[in-house]
Every structure is written in structure tokens, then in C-alpha cells.
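Below, each chain spelled out in residue letters.
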There are 2 protein chains.
Amino acid sequence: MTGFSLSPQLQKDCFMLGRLGDSQLLLLNNALVPWFILVPHTDTTELFELDDETRLGLVRDSDTLAGFVKQTLGCDKINVASIGNVVSQLHMHVIGRRHNDFFWPGVVWGREEREAYSDEAVMAIVASLLANLDGRFVLSEQ
Amino acid sequence: MTGFSLSPQLQKDCFMLGRLGDSQLLLLNNALVPWFILVPHTDTTELFELDDETRLGLVRDSDTLAGFVKQTLGCDKINVASIGNVVSQLHMHVIGRRHNDFFWPGVVWGREEREAYSDEAVMAIVASLLANLDGRFVLSEQ
């Protein structure tokens, strides 16, 4: 692919935190659950059609992120999914779930309930990513 | 782990088709969408906590299955997810979606609508798996 641009819907819904490994790391602006989205740099829309390097890079990055969400943010279960029915740009959801969260035990997709983050809460998450991911996460340049 | 047993909920909801690579391959009894479930032989409940061999085997098997669902069954989009909020045994959903299916563009989880398969429809899917997956899919022994 030439260049990289993020889908307008993801830009609208998410904070652009930076880069984790080979993917852009987004945080959905919904403080009800810690809901991260990884967007690899590819025009391919299905996981199984990725080249091996991109596919395995995405596995590694999503596993790194899942470990952070479960262990550092203190969640009970991780939900991981690639859906793409509405936003076709390939993206991987990595969501931390707690036994007492708003949606538990249901899934989070298809629900409209949102609670905006405070700037401080987003900054605390970014600081924690920087402190815990040992250089694998870097801030956005823009 | 010692031995392998499938969760009672998955046994109740699914047809046990056989083994794909390193995982048991199930078909949810809901003819509204082609909804497969891979169950690796592990006691671990999170993808990121799997050992490398099991993790990469599951990626390979889910990608093989996704290719079959999209190309052979003729679907527009693949939904792949590991959720596990209700059934803790690690399992991977691989679901074929069509632009005119019952749930499109919504997700399939959390919906109650079901349509049971005919025996003939299940056998046709099994025959297609055997014909197209080049020995990687084998029937259940039981």
C-alpha cells in the first residue's frame, strides 16, 4: 500500500494514541470499558488474507496489548475481535472486561451507551502504556 | 493439560464436526449464518497466555477456516472473535457474513434468533470441508 490513512469513522470515534509495534493504537472514547483498537498498515480487509509478516505482527501486538489490559488495567477477561461489517478498514478490537462492567456478560458491539473520557483519564492510560510496554508503544507524531 | 473435554454449553449448542489442525471444529446449530467455532486443546482461557505453538496453530487454523468460509461458502466478510464472557473454555468464533444475512450489519453475538440446520445441510458442509481442506480437516472419531 502507499501511505496510510485512518477511516473517518475511526477518527471520529477514537483517540489516536500512537503506534504499538506495526499498528496504530486507538482508544475508543467510551470510558465504560477499556476498548482499544489496533489498525495495521494494510489495504487488506481480512485477517486470513494478510501476508505472514503483517499477520504475525498483528498477533504479537494484540497479545502485547491484551496482556497490558488484563494485567496492568486489571481486567477479568479480554475480548478480541476483527469484525469490520461497518468500517471496512482492517482493525482489531482488544477490550478489557470486568465482571461488574456496564455490559457484562454481554458483548460491547451494537450497544449505543457511551461515557466520554476526561482528558486526565486518557493521559493516565497513555502514561501507563509508555511505562509498561517497554518501548513497543510510541506516541503519535502529529 | 490432561485429556480434553468440551464445555457442556458448546456441546449443547453445536455440532461436533471433527478436528481442524490442532483444534476441535464445531458448527453452531444456527443456519442463519455459517458460524464455526474452533476449540484448541488447552486449559488456558486467554489468547495472549497461550504458548507460542498453540497460539500460532490457532492462528493458522482460524485463517484456514476463514478462507474456506469466505471462498467456498461464498461470504462477503469474516467475523473472527475470542470472547469467552459466558463460556470460559477458550474458543474462537469464525463466522461468515453476507450483505443480505439476517443480522447484517450487526454482530451475531447476543442475538437469540436461531434456525436449526437440516441433517442434509450439515452433511453438505462436512463434505465441503473434507473436499476443500486437503486433509487438514478430519472427522470426529466418536
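Residues numbered from 1 in each chain as written. Chains lettered and ligands numbered in written order. Predicted model: local features only at pLDDT ≥ 70, side-chain atom pairs only at ≥ 80, totals over all residues.

> What am I meant to see in the overall build of chain A here?
Scanning chain A for helices and strands turns up three helices and six strands. Reading the secondary structure of chain A in the N-to-C direction produces α-β-β-β-α-β-β-α-β. With respect to the three principal axes, the spread of C-alpha positions in chain A is 40 × 30 × 25 Å. Put simply, chain A has 142 residues, and 35% of those count as buried. Contacts in chain A between residues at least 24 apart in sequence constitute 57% of all its contacts with a sequence separation of at least 6. (Helix = DSSP H or I, 4+ residues; strand = E, 2+ residues; numbered from the N terminus. Buried ≥ 20, exposed ≤ 12 C-beta atoms within 10 Å, placed from the backbone. Contact = placed C-beta atoms within 7 Å.)

> Can you walk me through the interface of chain B and chain A in this structure?
A common measure of how large an interface is: the accessible area buried when the components associate. On the side of chain A, 25 residues touch chain B, which itself brings 25 residues to the contact. At the level of secondary structure, the elements contributing two or more residues to the side of chain B that touches chain A comprise α2 (52-72) and β4 (77-82) of chain B. When residues of the side of chain B that touches chain A are assigned to their parent elements, the largest contribution, six residues, is made by β4 of chain B. Of the residues in the side of chain B that touches chain A, the class split is 13 nonpolar, seven polar and five charged. Direction of pairing for strand β4 (residues 77-82) of chain A relative to β4 of chain B: antiparallel, over a ladder of three bridges. Opposite S82 of chain A, over in β4 of chain B, you have V80 of chain B as the bridge partner. (Nonpolar A, V, L, I, M, F, W, Y, C, P; charged D, E, K, R; others polar. Pairing = 2+ DSSP bridges.)

> I keep staring at the relation of the copies chain B and chain A and nothing clicks. Help me out?
Two copies of one chain are present, and they are related through a rotation about an axis combined with an axial shift. After a rotation of 180 degrees and a shift along the axis of 0.0 Å, chain B superposes on chain A with an RMSD of 0.0 Å. Taken together, the rotation and translation describe the operation of a two-fold axis. In terms of proximity to the rotation axis, the leading residue of chain B is A81 of chain B, whose C-alpha is 2.0 Å off the axis. Take the interface residues of chain B: 100% of them recur as interface residues in chain A, which is what a same-surface contact looks like. (Least-squares fit on C-alpha atoms with pLDDT ≥ 70 in both.)

> Please explain unusual backbone geometry as it appears in this structure.
Trans is the prevailing form of peptide bonds, just as negative phi is the prevailing case for residues other than glycine. All names here are of chain A. Going from W104 to P105, the amide bond is cis rather than trans, its omega being -5 degrees. Turning to its location among the elements, P105 is positioned in the loop between β5 (92-97) and α3 (119-132). Here the phi dihedral of D134 falls at roughly 55 degrees; this positive angle occurs in a residue that is not glycine. Among the secondary structure elements, D134 is positioned in the loop between α3 and β6 (137-139).

> When you look at the sheet that holds β4 of chain A in this model, what are you seeing that I'm missing?
Two pairing modes exist for strands in a sheet, parallel and antiparallel, and in both the strands are linked by backbone hydrogen bonds. Strand order in the open sheet formed by twelve strands is β6(A)-β1(A)-β2(A)-β3(A)-β5(A)-β4(A)-β4(B)-β5(B)-β3(B)-β2(B)-β1(B)-β6(B), with antiparallel pairing between adjacent strands. The open sheet terminates on both sides in strands that have one partner only, identified here as β6 of chain A together with β6 (137-139) of chain B. Strand-to-strand twist in this sheet, taken as the mean axis angle between neighbours without regard to direction, amounts to 30 degrees. Pairing geometry for strand β1 (residues 14-20) of chain B and β6 of chain B, over three bridges, is antiparallel. Following the sheet pairing, G18 of chain B is matched in β6 of chain B by L139 of chain B. (Axes fitted to C-alpha atoms, helices over the stretch in contact; angles between N-to-C directions.)

> Help me understand α2 of chain B in this model?
Since the α-helix advances by 3.6 residues per turn, residues separated by three or four positions end up pointing in the same direction. Residues and elements named next belong to chain B. Between the first and last C-alpha of α2 there are 29 Å, a value that for 21 residues agrees with the 30 Å anticipated at 1.5 Å per step. Taken as a whole, α2 has its buried residues at L58, D61, S62, T64, L65, A66, F68, V69 and K70. Close packing links the buried residues of α2 with β1, β2 (23-28), β3 (35-40), β4, β5 (92-97) and α3 (119-132). With its phi angle positive at about 75 degrees, G74 sits one or two positions after the end of α2. (Expected span 1.5 Å × (residues − 1).)

> Before we go on, may I ask you to explain the environment of G67 of chain A in this structure?
Checked against the element boundaries, G67 of chain A lands in helix α2 (residues 52-72). Separated by 66 residues in sequence, G67 of chain A and L133 of chain A place their C-alpha atoms 9.8 Å apart.

> Please clarify how the pairing of β5 of chain B should be interpreted in this entry.
Within a regular beta strand, the side chains point alternately toward one face of the sheet and then the other, so they alternate between its two faces. All names here are of chain B. Where burial is concerned, most of β5 is hidden: five out of the six residues are buried. The pairing of β3 with β5 spans four bridges and is classified as antiparallel. Along β5, the bridge assignment pairs W35 with I95. In terms of strand pairing, β4 meets β5 through five bridges, oriented antiparallel. Each residue of the ladder has a partner; that of A81, found in β5, is H93.

> How should I be thinking about the nonpolar core in this particular structure?
Nonpolar side chains tend toward joint burial in soluble globular proteins. In this structure, F36, L38 and V94 of chain A together with F36, L38 and V94 of chain B are the most contacted members of the largest nonpolar core, which totals 68 residues. Residues contacting V94 of chain A, with those up to four places away along its chain left out, are F36, L38, S62, L65, A66, V69, I78 and V80 of chain A. (Core = buried A, V, L, I, M, F, W, Y, C linked by C-beta atoms within 7 Å.)

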